[in-house]
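# What the coordinates show
Listed here are the chains, written in short residue letters.
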Amino acid sequence: MTRELKRTQELFQQAKQHIPFGVNSNFRYWSDDTTLVVTRGEGPYIWDADGNRYIDYRLGFGPIILGHAYPAVIDRVSREIRNGTIFAWTTPLEIELAERIVRLTGVEKVRLTNTGTEATMHALRIARAYTDRDAFIKFEGQYHGMHDYVLFSTASTPRGVLGARKSPINVQTSSGIPEDIQQYVYNVPYNDFRMLEKTVRESWTELAAIIVEPIMGNAGAVMPKPGWLELIRELCDKYEIVLIFDEVKTGFRIARGGAQEYFGVKADLVTYAKALGNGFPVAAIGGTEEIMSVVRPGQVALGGTYSGNVVATAAANATLDTLEKEPVLETIMANGRKLMDGIDEILTRAGIPHVISGVPSMFAVLLGLEHQPEDFRDYQDSDAYLYQQLVFQLIDRGVMPDIDDREPWFLSYSHDERIIDETLDAFESAVNALVKGEVTYHAPIA
Ligand SMILES: Cc1ncc(COP(=O)(O)O)c(C=O)c1O
C-alpha cells in the first residue's frame, strides 16, 4: 500500500527553498520523503496536498479538542473579527474568558499570552519575583517550551547521556543557550520521591519553583505515581516554593479543570495553552490572588502586543463554552478508552510486548516495554524504531499518530465510535503486516 505524494513532495521541496528544513517548528520535520504538506482539516480528518485523507491523532500536537475547523469556534471567530482584532485596550472577550477560566479551573487570577512557551516563561518569572529566589526544579524528559531556562534534559535528550540517577546531568537541548544559566536548573527523575526530597532539602533556599507536567505529555504519557504530586505539593508548602503545574497539554483535556481536578492536587500557578483555543494561538497563566499580585506595573513585567487579542479570545470562549455545555470530555474519555483497549487487545494477540500509558484523551503506545514506565529513563527503553515501522503502516492505511512514541495519541470530540472502529481495523491490518514482515523499509527518523 503506498500513497501518491507527488504534489506534497513538490510543495515540500518548494518550502525548503526559503524555510529551514521546510517547517516552522523543528518537531514537524520527519524526513524529506515523509514530511507532509497539509491543505485541509475537518473534524477528525486532515488531507495532504495530494488529497490523501488521514484520521488525525496528532491534532496539531494536542490543541484540537473539538475537531478541526469546528463550526462553533470558526463561527464565533469570524463574527468577532469583523469588529477588529486588536486595540491595545481590554475587550469584553478578555473579561468573558478570564471568568470562564477561573470558573473551570479554580485559579483566582489569570493573564493571557499566545503560546505555552510564553506562559511558562512568565510563570517562572512570577515565581522568582514572589520568592526572591532564582533556581527551579524541573523533571527529566519534561518539555516546557522554547525559552532557554527550560531547555535542559527535555524529551529530546537522547538515551544514555543523563548521567547516574543519583547525580543527573543537565543536558542542553539546543546550541545557543548560555551555559551559565544551568546553575539555576535542577533536573530530577520523575516519580523519584527520594531524589526530589533530597534535592529540595539541600537546595530550598535557592528554589523559586518546581515546575511539573502532571502527566509526561512529551515523553510517553508517563503517569504520576500515587502520592507523587501530593509530595511535590507538600514540599512546596513546607519550603515556600511556588508549585507550577504546566498544563499546556493536560489543561481542558484530561478534565475541565485539568490535572488539578483530575488528580485532586492544587498548584500555585498553572499554565494553559493547546486545548484552550481548539487550535487558535492562545495561552494563559493562572494562579492564586497572592502570587499573581506581583504582576503589576513597576514590579513584574508581563505583557505582549498580541496577548488577549480578539482572534484568540473569541476562539477560546467558543471552545470553553462547548466544553461546558456539551459532554465533550466524557465522549472523548469513552471513545479513547475503547481505542486504548482495542489497541491493547490487538498487540496482545500478536504477541508484541507493549504498554499503553496515559489517559484516554492522551495516551502513548510503547512497544517492547513490560511494565508501565515511571520516568523518562524507563520510557527510553521502548522500541521506538519498531513503533515507527508500525506507524508508517498505519499512515499508509489512513491513520495518523505521530511517528515518535514520545508524543501521545490525542483524541477530539469529533473522533466518534465509527472513527475508532475504522482506526482499530487499520491498526489490526498494520500489526499483521508488521508481524508477517510485509513492511516497506523506512529509515529511522531521529
Ligand atoms: C507541557 C508543555 N509546555 C509548554 C509547551 C510549549 O508550548 P508552545 O509550543 O505553545 O510554545 C508545550 C508544547 O508542546 C508543552 O507540551
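Up top you'll find the structure we're talking about.
The following paragraphs examine the structure supplied in this document.

Reading the values: the criteria
- Residues numbered from 1 in each chain as written.
- Predicted model: local features only at pLDDT ≥ 70, side-chain atom pairs only at ≥ 80, totals over all residues.
- Pairing = 2+ DSSP bridges.
- Helix = DSSP H or I, 4+ residues; strand = E, 2+ residues; numbered from the N terminus.
- Expected span 1.5 Å × (residues − 1).
- Buried ≥ 20, exposed ≤ 12 C-beta atoms within 10 Å, placed from the backbone.
- Arc of directions from axis to C-beta.
- Contact = placed C-beta atoms within 7 Å.
- Core = buried A, V, L, I, M, F, W, Y, C linked by C-beta atoms within 7 Å.
- Domains from an automatic or database assignment.
- Near = placed C-beta within 6 Å.
- Nonpolar A, V, L, I, M, F, W, Y, C, P; charged D, E, K, R; others polar.
- Axes fitted to C-alpha atoms, helices over the stretch in contact; angles between N-to-C directions.
- Left-handed = near helix turned anticlockwise from the far one by under 90°.

### Focus on the sheet that holds strand S15 (residues 399-400)
Strand order across the open sheet formed by 4 strands is S1-S2-S3-S15, with mixed pairing between neighbours. With partners counted over all chains shown, the strands left at the sheet margins are strand S1 (38-42) and S15, one partner each. Bridge count between strand S2 (residues 45-48) and strand S3 (residues 53-56): 3 bridges; the pairing is antiparallel. Across the sheet, Trp 47 pairs through a bridge with Arg 53, a residue of S3.

### Comments concerning helix H10 (residues 328-349)
Its 22 residues give H10 an end-to-end C-alpha distance of 32 Å, which sits within 8% of 32 Å, the value for a rise of 1.5 Å per residue. Looking only at H10, the buried set comprises Val 328, Leu 329, Ile 332, Asn 335, Gly 336, Leu 339, Ile 343 and Leu 347. Buried residues along H10 cover an arc of 135° about the axis, so they all sit on one side. Facing away from the buried side of H10 by more than 90 degrees, the exposed set consists of Glu 330, Thr 348 and Arg 349. Where H10 is buried, its residues touch helix H9 (310-325), strand S13 (354-359), strand S14 (362-367) and helix H13 (417-435).

### Notes on the nonpolar core
Membership of the largest hydrophobic core comes to 126 residues, with the highest contact counts inside it found for Ala 127, Ala 209, Ile 210, Val 242, Ile 244 and Leu 269. In this structure, this core is formed jointly by two domains, domain 1 (6-69 + 327-435) and domain 2 (71-325), each of which donates at least three residues. Excluding residues within four positions of it along the chain, Ala 127 makes contact with Ala 208, Ala 209, Val 242, Ile 244 and Leu 269.

### What to know about the site of the ligand
In the neighbourhood of the ligand, 15 residues make up the surrounding shell, with Thr 115, Gly 116, Thr 117, Gly 145 and Val 248 lying closest. Of the residues assigned to the shell around the ligand, the class counts are 4 nonpolar, 8 polar and 3 charged.

### Looking at the packing of helix H2 (residues 71-81) against H9
One can describe the packing of H2 onto H9 by two numbers: an axis separation of 8 Å at closest approach and a directional angle of 145°. Crossing of H2 against H9: the hand is right-handed. Between H2, through Ala 72, Val 73, Arg 76, Val 77, Glu 80 and Ile 81, and H9, the contact on the second element is made entirely by Val 310, Val 311, Ala 314, Ala 315, Asn 317, Ala 318, Thr 319 and Thr 322. Of the residues belonging to the contact of H2 with H9, the class tally is 9 nonpolar, 3 polar and 2 charged.

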